[in-house]
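# Structural features, examined
Now for the letters of each chain:
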Amino acid sequence: MDDTEPDLSPTPSDQNSPSPSLSISSSPSLSLPSTPSSEGVGELSLVIDAEVAQRACQEVLQKVKLQQVEGDVTDPQDRVGQDPPGPPAPALTPTVKPLKIREEVDDPEGVAPGSVKSARRRQRHNPSKQSWLLRLFESKLFDVSMAISYLHNSKEPGVQAYIGNRLFSFPHEDVDFYLPQLLNMYIHMDEDVGDAIKPYVVHRCRQSISFSLQCAWLLGAYSSDMHISTQRHSRGTKLRKLILSDELKPAGPRARRDPLTLTPFCPVTSPASGGEHSLSPSKRTHQRSKSDATVSISLSSNLKRTASNPKVESSQDEDSSSSSDSLEFEIGPPVRLAPQREFIKSLMGIGKRLATLPTKEQKTQRLISELSLLNHKLPARVWLPTAAFDHHVVRVPHTQAVVLNSKDKAPYLIYVEVLECENFETSSVPIRIPENRIRSTRSVENLPDCGMTAEQRAGSFSIVPNYDNDDEAWSVDDIGELQVELPEVHTNSCDNISQFSVDSITSLESKEPVFIAAGDIRRRLSEQLAQAPTTFKRDPEDPSAVALKEPWEEKVRRIREGSPYGHLPNWRLLSVIVKCGDDLRQELLAFQVLQQLKSIWEQERVPLWIKPYKILVLSSDSGMIEPVVNAVSLHQVKKQSQLSLLDYFLQEHGATTTEEFLTAQRNFVQSCAGYSLICYLLQVKDRHNGNILLDADGHIIHIDFGFILSSSPKNLGFETSAFKLTTEFVDVMGGPDGDMFNYYKMLMLQGLIAARKHMDRVLQIVEIMQQGSQLPCFHGSSTMRGLKERFHMSLTEEQLQLLIDQLVDGSMRSLTTKLYDGFQYLTNGIM
Amino acid sequence: MSQVEKKAGLLRRTSSSKKPLKEKVVLMYDEIFAKENPAKNNPRFWDELFLMKVNLEYLESKLESVDGEEVQRIQDNINSLFHHCVQALGEEHQIKVVNALQTLCALFRGVHQKNKSASGFDIINMLMGFDKAEQRMKDLMERLDSLLCGDGSESLKSLCLKLLLCLVTVTDNISQNTILEYVMINSIFEAILQILSDVSSRGQHGYDAVVLLALLVNYRKYESVNPYIVKLSIVDDEPTLDGMGMVVHQALTEYNRQYKDKEEENQGGFFSTLTSMVGSMFIADADEKLSVQTNEAILLALYEAVHLNRNFITVLAQSHPEIDIAVTPTTPTPTTPTTPLGTTPPSLDMMNNPELPLDPNLQTSNLLITFLKYASIVMQDTKDEHRLNSARLCLIILTCIAEDQYADAFLHDDNMNFRVNLHRMPMRHRKKAVDKNIPSRPLVCAVLDLMVEFIVTHMMKDFPMDLYLRCVQIIHKLLCYQKKCRIRLHYTWRELWSALINLLKFLLSNETTLLAKHNIFHLALLVVNLFNMFITYGDTFLPTSNSYDELYYEIVRMHQVFDNLYCMVLRVSTNTGQWKEAASKVTHALVNVRAIINHFNPKIESYAAVNHISQLSEEQVLEVVRSNYDTLTLKLQDGLDQFERYSEQPKEAAFFKELVRSISLNVRKNVSLNTLSQDVLLKEFSTIS
């Protein structure tokens, strides 16, 4: 921990300065001589209430203005010096706070001129540029996007500090979107920006385990491009260590030691400072999470040996988490982060080991067996960061996992059963239910379901005479059986699905021979086989095709049926792709851009369809991807169906005149338009059919943004066209003269116009990430310029239309697309 | 003394152990067998005794040589010895504990040896005295329990287990071992479980613990409430169950490996035979005989776990990479005696070692796969009594598995595909199919393959009727599950059909010889009903519509067999005789098969006549079949998808009694060898203390 100190020591003074109210809450604890680690407390005391922070913003801004008036060069030390005299009175009266803040926020916009305060402000300084900036900052229009942009562009420490504090007032989700940008700035930009950002990050880390880990992972990943010697001492690495050391606990437990608290022996009551993020730690849950951790630690400490992790500090982190003994445990949850980290580490370990196996089949088998071992450690206080709701992972249905197609790496797809909960940090971890416990639940639960499918499939009868027998057969107790052995007629499983068995039971009573036609049996067989939804054939070389083809709903139902947890109402199924050995930072960048464009198009009401999928960067060479459900790659479609794309559409959705087909076609066109623009703007390359998915509704979805902006695969000079538009695509749209094709081009035009309008929001994302990055997509100096040019700000709408026509024509006629597909087929076997 | 020397010679003791003079301990034994209270003259007699190295041979032979009347005289001394043994178990001095354990072993064995015909009560009286027996045994079990559960020496634990094994197997029939009544009351079940749940102790003692458990479960199984049965049936702790599975898995894997090695040796050249000869000079003979028998014990344990504990089923599918024990260096701890059991407890444990070995050639395996491979080996040759029993037990286990819904679910799980290399008997009329590339398939395919393989390879004069019945019933149960859950398994059903038809053919051609011993009609009925399952319910579980056509093709092609069968059963059922009813059932069951034959044969003939073809190709026949379904009417038969669930009692009780007896004998033999060669162990403690 010692190496984090130098980093910490300058910050308290700095951080205290913008938020005077803090000093009030922290100073009593500091003044106490009995406090064992004073510098630690100093750091820990940095609990920033969002409201307090907001107030602090105002203060800082005022000061900035003052300083500007005086013409002083701002110096952090100076500001500290000025700080203590003016702790604002309101901070002492917390009950009034929210009201007052609202006043102040509303202040500058409307009624402001009349108020005394603004009048005073106007008196104080000249109507300079700053005031306009101030008005912007205080206006409702000032959103996170702008904040990030000013944080990045402004050279003014005061402005940066203001924005740093202003971050507290934005909704968490909005800031979270820009977390990569924030952290990248923290790592790679100058001290002032870092100092401005840090309080916010620290504050959020205290509040949330998942935010802490998210930060730690991103900090690790974005620091990795630095030279190893500078990296070790960089701000990013230090903050990462601080987070992982679990120093940043919520204020709750610390407050327990605070003598000001009147009820020191009651751990649950936390003082005002801990109100919103108190853990209310029932001891049980901690114990649970601790035991989870220690169990899994033994697992991963072994993994560690094989894992050739270049991260220097990884082993150190390991020790800190595993050495937590029961004594430490008393003061707080020392293993707050550990279970999740171990979980992630195990998943990565599996990926690394899979990569050493030569065949897909072996990989699949190994994957299944490794996951079944992992299951022993679940449920635990672990979760999938890609999910949108709070939950605990309870089981990995290991037999459902598949290895994805990749030549040398071994990405794999797992399904994860989770139980939704209020808050994964405080809700108690579900109790383990043994694997075979389904049997007891199944007999009860399956009855209605079973009856339904029976009717669906056989459709020939509605009376189900002997469910009871059936039920008994499932739940026959071996022990009971051992002692009383009754040779019952019905102890076996009489099926009631087929018509015959119903008949057979009636015939048992009536003793009249029942006759059936052999032709009926044969017919039913072929009908049922035809009825069954088109599935892909199992191919050991492409195990994922079958798994991905199965409709998501059906898969959920099936897995739920087979799961011991399936009967719980809050049971959910998630899936995630685990990538090991792949850098997902570009994917994350692409996700952000896609997400941004999506919201731009939504805002502008342009019906372009794209599907950004969530990316979790764990390090510079590992991560997780949220899979797109109900989608298979065009390659798999073509290989399995042996049909052209149009024929496949006809097969899946019906004839060209049907409602279903038309809907699917419209979806196809809208998604094509969206992705064509994306491909053009981001220069997405490597567009072979394995990287384009087709979902059950007819949308196409591009995946794998490994080659964007300035990078392209092997620089073969292939793929010169703007985007991929094969004749097969055009055929699905109804040919190059059809209405749908025109609609496609119209959509692209509208999309480009909308995107152009909000170009800055897109550029900003990319530009900030370029800072300090060695990613291939930023190769060369013209990345940003090129990107900006592709928005064609200077063209009129007519000219834009022309441009779109050219792009489409060029892509359609492009030989290189075809060539590239052929090249992929030859080298990677992708059709 | 000469006897002792002989035994010592067998054990290849060093000559130093042959001492011309009587050892001190022997003198002390003599004192015990004298009338006087040995402690009368020497108050420290018992203390000293347990510091002496035990001379088991002498003590046992002495006990055996005691005459009926003498017994009365020395009973007090023997009771006293037993009492002090139990007390010494609580000593801190480990040497004393070791000696006490061994002395107890000798006591149990010697007394039983002497009084083979005596009632259990007499034995108890002689060892402990009636009035004190309950307290003594309670103390003993408690001491053993705490030794087994404590953090003491591993070799001590091992010795405790040996003592328990020795106690459990002193009688040929375990149920006549009255002392075990006390073991029932004072359960050591928890201690056994603890050994199995802990990784390191499982590695060293797992085998003994599992065998002990299997034997204890079989004590008066059918007569009284055995607490071990009850307890075993409700265990739901996964690590423990996994541990048990792991022990079984390793023992079976070891057997499979040995078999494979031997097989390769036999195929290998002169040099390998030579080396194997040299190697076998030392251990081979004993090893070879023992391996089959010891695995019966492990197989019994597997059976009890599968049969009694429904949670254990999940363990079967618990996959882990196959451990090639031959490759991984087993580090024999000095305390572990080299077991002639054929299975050195493998030190490498998968649960212990999550960092799985990175050998790409390792196949992922699970207990079920290993078991299937083992079964395929055992089933190859059922002439030997032991192997027959093993094969029977294997089939019984498979029956239990096939009846279990969860097991069926993973057997049929399309995502759990494995290559299972079953061993196939080399036969004259077929090539050895080793290099046949087995595709990766759901596990149920391997089970079906195994059944087909058995059916094909055991049509012999000494017909294993019982095994055939089990085999066909297993297939039936699997089909019922598939029908019920509408699982369309992509399996080459044709192989099964032709195997079943060949079986019918065999029954027909050996009717007279077989009828003398077996009810062949019952088997024939089961086989015909399998066909009826396919005919009437094929629509629910056949993988393709073509397969239904093929079924008809196969029946029509082999119509001669069905015709002959019909003639035969008709003949028997019209005569009066013991088989009348059984045969008439078969005639009824054949109704649809005959309808098919009678319907399609004329159609095919006329097709041939019309098209002037003498020999129709398969495709042509299938075409005829396809176009003539509609005019065929079948009769619905009752209860095709019903089966009698497996029950151990009363049908199998006799088999298990016999099996347990033979296992007992065998375990006793091995334990005696082990307990006697504890020099190393003594050495360990003498250096420690």
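Just so it is clear, the model here is predicted, and its values are computed rather than measured. (Residues numbered from 1 in each chain as written. Chains lettered and ligands numbered in written order. Predicted model: local features only at pLDDT ≥ 70, side-chain atom pairs only at ≥ 80, totals over all residues. Heavy atoms only, no water.)

Helix and strand counts for chain A come out as 40 helices and ten strands. Residues classed as buried in chain A amount to 56% of the 831 residues present. Counting only contacts in chain A whose residues sit at least 6 apart along the sequence, the fraction spanning at least 24 positions is 78%. As presented, chain A carries roughly 35700 Å² of accessible surface, and 55% of it is formed by carbon and sulfur atoms. (Helix = DSSP H or I, 4+ residues; strand = E, 2+ residues; numbered from the N terminus. Buried < 20%, exposed > 50% of the residue type's maximum accessible area, 1.4 Å probe, protein only. Contact = heavy atoms within 4.5 Å. Areas by Shrake-Rupley, 256 points an atom, 1.4 Å probe, with all protein chains shown as cover.)

What follows deals with the pairing of strand S9 (residues 692–695) of chain A. All names here are of chain A. Side chains of S9 alternate between two faces, with Ile 692 and Leu 694 and Leu 693 and Asp 695 buried alike. Bridging between strand S8 (residues 631–633) and S9 involves three bridges; their strand directions are antiparallel. Directly across from Ala 631, in S9, lies its bridge partner Asp 695. Of the strand pairs in this sheet, S9 and strand S10 (residues 700–702) are connected by three bridges, and their pairing is antiparallel. The residue bridging Leu 693 from the neighbouring strand is Ile 701, located in S10. Here S9 hands over to S10 after four residues, with Gly 698 in that stretch at a positive phi of 100 degrees. (Pairing = 2+ DSSP bridges.)

This part covers the pattern of salt bridges. On inspection of all chains with the given rule, the structure shows 47 salt bridges over all chains. The partner of A:Arg523 in a salt bridge is A:Asp520, and the shortest N-O contact between them spans 2.9 Å. Taken together, the residues A:Arg523 and A:Asp520, both in helix H28 (residues 518–531) and three residues apart, mark about one turn of the helix. Overall, the relative accessible area of 36% leaves A:Arg523 in the partly exposed class. When its relative accessible area of 36% is taken as the criterion, A:Asp520 is described as partly exposed. Here B:Arg571 makes a salt bridge to B:Glu511, at a shortest N to O gap of 3.1 Å. With B:Arg571 in helix H27 (residues 559–574) and B:Glu511 in helix H24 (residues 511–517), the pair connects residues that are 60 residues apart, well separated along the chain. (Salt bridge = Lys/Arg side-chain N within 4 Å of Asp/Glu carboxyl O.)

We now examine the nonpolar core. Formed by 242 residues in total, the largest nonpolar core has its most connected members in B:Leu302, B:Phe521 and B:Tyr552. Counting contributing residues per domain, this core is built from domain 1 (24–186 + 658–688) and domain 2 (472–644) of chain B, each supplying no fewer than three. A:Leu588, A:Val637, A:Phe649 and A:Ala722 belong to the second largest nonpolar core, which has 175 residues in total. (Core = buried A, V, L, I, M, F, W, Y, C linked by side-chain atoms within 4.5 Å. Domains from an automatic or database assignment.)

Taking 1.5 Å of rise per residue, 16 residues should cover 22 Å, and helix H23 (residues 360–375) of chain A covers 22 Å from first to last C-alpha, within 8% of that figure. With 16 of 16 residues buried, H23(A) lies mostly within the body of the structure. (Expected span 1.5 Å × (residues − 1).)

In the predicted model, chain A carries a mean pLDDT of 67, and the fraction of residues at 70 or more is 59%. Contacts of residues 438–510 of chain A to residues separated by more than four positions or lying in other chains number 111 contacts, the stretch itself having pLDDT below 50. (pLDDT = per-residue confidence, 0-100.)

This brings us to the sheet that holds S8(A). Residues and elements named next belong to chain A. In space, the three strands of this open sheet follow the order S8-S9-S10, with antiparallel pairing throughout. The open sheet has two free edges, formed respectively by S8 and S10, since each of these has just one partner strand. Here the strands of the sheet are splayed against their neighbours by 35 degrees on average, with no regard to which way each runs. Strands S9 and S10 of the sheet are contacted by helix H34 (residues 659–682), whose axis makes an angle of about 20 degrees with S10. (Axes fitted to C-alpha atoms, helices over the stretch in contact; angles between N-to-C directions.)

Glancing now at the pairing of strand S3 (residues 412–420) of chain A. Residue and element names in this part refer to chain A. Counting buried residues along S3, eight of its nine residues qualify, which places the element largely inside the surrounding structure. Bridge count between strand S1 (residues 391–395) and S3: four bridges; the pairing is antiparallel. The residue of S3 that forms the bridge with Val 393 is Val 418. As paired elements, strand S2 (residues 402–403) and S3 share two bridges and run antiparallel to each other. When the sheet's bridge partners are listed, Val 403 is paired in S3 with Tyr 412.

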